[in-house]
Amino acid sequence: MKISSEHNNPIVPSNIERGTILIPDISGFSEFVRNTEIHIGQYVIASLLRTLVQSNKLNMEPIEIEGDAILFYKKGVKIPPQAILNHYQNILKNFNRELSRLEKDLEMSLNLSVKMIAHYGKVTRYKIGKFYRIYGQSLLEAHQLLKNGIPSSTYCLITDTLTSKKKTPITEGTARYRGTTKCELYGSFVSLCYTYYDFERPNLQIESISLSEA
């Protein structure tokens, strides 16, 4: 059924699709902005965001840059957790390389890192001018997950919408490293469950990651 809007344009049912949402987010952004000269801060953040975009090896569509984060989206079947974690490792490597370059050039310490949220669900698309946007509860949930209680600033969070119930460990040599599974309630939303992998631990080199797709 068509519904007339206040501008007399018909509102028609949108095509609903499913896809993977990734949000790499710069940790330490707010404090950095407060304590850094504006021209230096603009240069640093622009350089780091550019690195995040250039590290996109999963052919995700960059939908929006949101201050200290970039919203990526890919329609279709779920991206396997193995590929998401490998993607995060590549992002982290490139981010840290660019961060080291900036610290050397500016002769200052930059207390910044990067974390990433991975979620999957239903969305719909709309267009403003030549730009596409996505809309839906799954997108809202992904943003809510950035406000989690994880005691780390360098991690990859993958929701249960992308993982199987069977958690397979990450293996590093003979040591076994498992992600930590949590469920948190966000306002009026249902509880959101996820597994996060903490990359903040020093000297942790992950050689192989084995996770099953749901």
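Residues numbered from 1 in each chain as written. Predicted model: local features only at pLDDT ≥ 70, side-chain atom pairs only at ≥ 80, totals over all residues. Heavy atoms only, no water.

### Things to note about a nonpolar patch on the surface
Phase 1: A cluster of nonpolar side chains, Tyr126, Ile128 and Tyr135, forms an exposed patch at the surface whose accessible area comes to about 350 Å².
Phase 2: Under the relative-accessibility criterion, Ile128 is labelled exposed at 52%. (Patch = residues over 30% accessible without salt bridge, like charges linked within 9 Å, V, L, I, M, F, W, Y side chains within 5 Å. Areas by Shrake-Rupley, 256 points an atom, 1.4 Å probe, with all protein chains shown as cover. Salt bridge = Lys/Arg side-chain N within 4 Å of Asp/Glu carboxyl O. Buried < 20%, exposed > 50% of the residue type's maximum accessible area, 1.4 Å probe, protein only.)

### A word on the pattern of salt bridges
Phase 1: Tallied over the full model, the rule gives six salt bridges.
Phase 2: With its nearest N and O atoms 2.6 Å apart, the salt bridge here joins Lys115 to Asp25. With Lys115 in strand S6 (residues 113-128) and Asp25 in strand S3 (residues 16-27), the pair connects residues that are 90 residues apart, well separated along the chain.
Phase 3: Exposure remark for Lys115: the relative accessible area of 12% places this residue in the buried category.
Phase 4: Taking relative accessible area as the criterion, Asp25 reaches 7% and is therefore assigned buried.
Phase 5: Notably, a salt bridge pairs Glu61 with Arg125, separated by 3.1 Å at the nearest N-O pair. (Helix = DSSP H or I, 4+ residues; strand = E, 2+ residues; numbered from the N terminus.)

### Some remarks on the nonpolar core
Phase 1: Ile84 and Leu112 are the most contacted members of the largest nonpolar core, which totals 32 residues.
Phase 2: Elements with a contribution of two residues or more to this core: S3, helix H2 (38-54), strand S5 (70-75), helix H3 (81-106), S6 and strand S8 (155-159).
Phase 3: Broken down by element, this core gets its largest block of residues, eight residues, from H3.
Phase 4: Counting residues in hydrophobic clusters, the runner-up holds 18 residues, among them Ile23, Ile117, Ile134 and Tyr196. (Core = buried A, V, L, I, M, F, W, Y, C linked by side-chain atoms within 4.5 Å.)

### Side note on helix H4 (residues 137-145)
Phase 1: Listed in full, the buried residues belonging to H4 are Ser138, Leu139, Glu141, Ala142, Gln144 and Leu145.
Phase 2: The secondary structure elements touched by the buried residues of H4 are S3, S5, S6, strand S7 (131-135), S8 and strand S12 (192-198). (Contact = heavy atoms within 4.5 Å.)

### Considering the confidence of the model for the chain
Phase 1: Within the chain, residue pLDDT values average 82, and 78% of them lie at 70 or more.
Phase 2: Counted against residues more than four places away or in other chains, residues 170-177, with its pLDDT under 50, gives 17 contacts.
Phase 3: Taken together, the stretch residues 202-214 has pLDDT below 50 and engages in 34 contacts with residues farther than four places along the chain or on a different chain. (pLDDT = per-residue confidence, 0-100.)

### A short note on H2
Phase 1: For H2, which comprises 17 residues, the first-to-last C-alpha distance of 24 Å matches the rise-based estimate of 24 Å (1.5 Å per residue) to within 8%.
Phase 2: Among the residues of H2, those classed as buried are Gly41, Val44, Ile45, Ser47, Leu48, Leu49, Thr51 and Leu52.
Phase 3: Buried-residue contacts for H2 involve S3, helix H1 (29-35), strand S4 (61-65), S5, H3 and S6. (Expected span 1.5 Å × (residues − 1).)

### Thoughts on unusual backbone geometry
Phase 1: The phi dihedral of Asn59 falls on the positive side, at around 55 degrees, and the residue is not glycine.
Phase 2: Its place among the elements puts Asn59 in the loop between H2 and S4.
Phase 3: Judged by relative accessible area, which is 64%, Asn59 ranks as exposed.
Phase 4: One non-glycine residue, Glu107, lies in the positive phi region at around 55 degrees.
Phase 5: Checked against the element boundaries, Glu107 lands in the loop between H3 and S6.

### A few points about the packing of H2 against H3
Phase 1: Here H2 crosses H3 at 155 degrees, and the two axes come no closer than 9 Å. Taken as axis vectors, H2 and H3 run roughly antiparallel relative to one another. With respect to the hand of their crossing, H2 and H3 are arranged in right-handed fashion. Along the contact surface, H2 presents Ile40, Tyr43, Val44, Ser47, Leu48, Thr51 and Leu52, while H3 presents Ile91, Asn94, Phe95, Glu98, Leu99, Arg101, Leu102 and Leu106.
Phase 2: For the contact of H2 with H3, the class distribution of residues is 10 nonpolar, three polar and two charged. (Axes fitted to C-alpha atoms, helices over the stretch in contact; angles between N-to-C directions. Parallel < 35°, antiparallel > 145°, perpendicular 65-115°, else oblique. Left-handed = near helix turned anticlockwise from the far one by under 90°. Nonpolar A, V, L, I, M, F, W, Y, C, P; charged D, E, K, R; others polar.)

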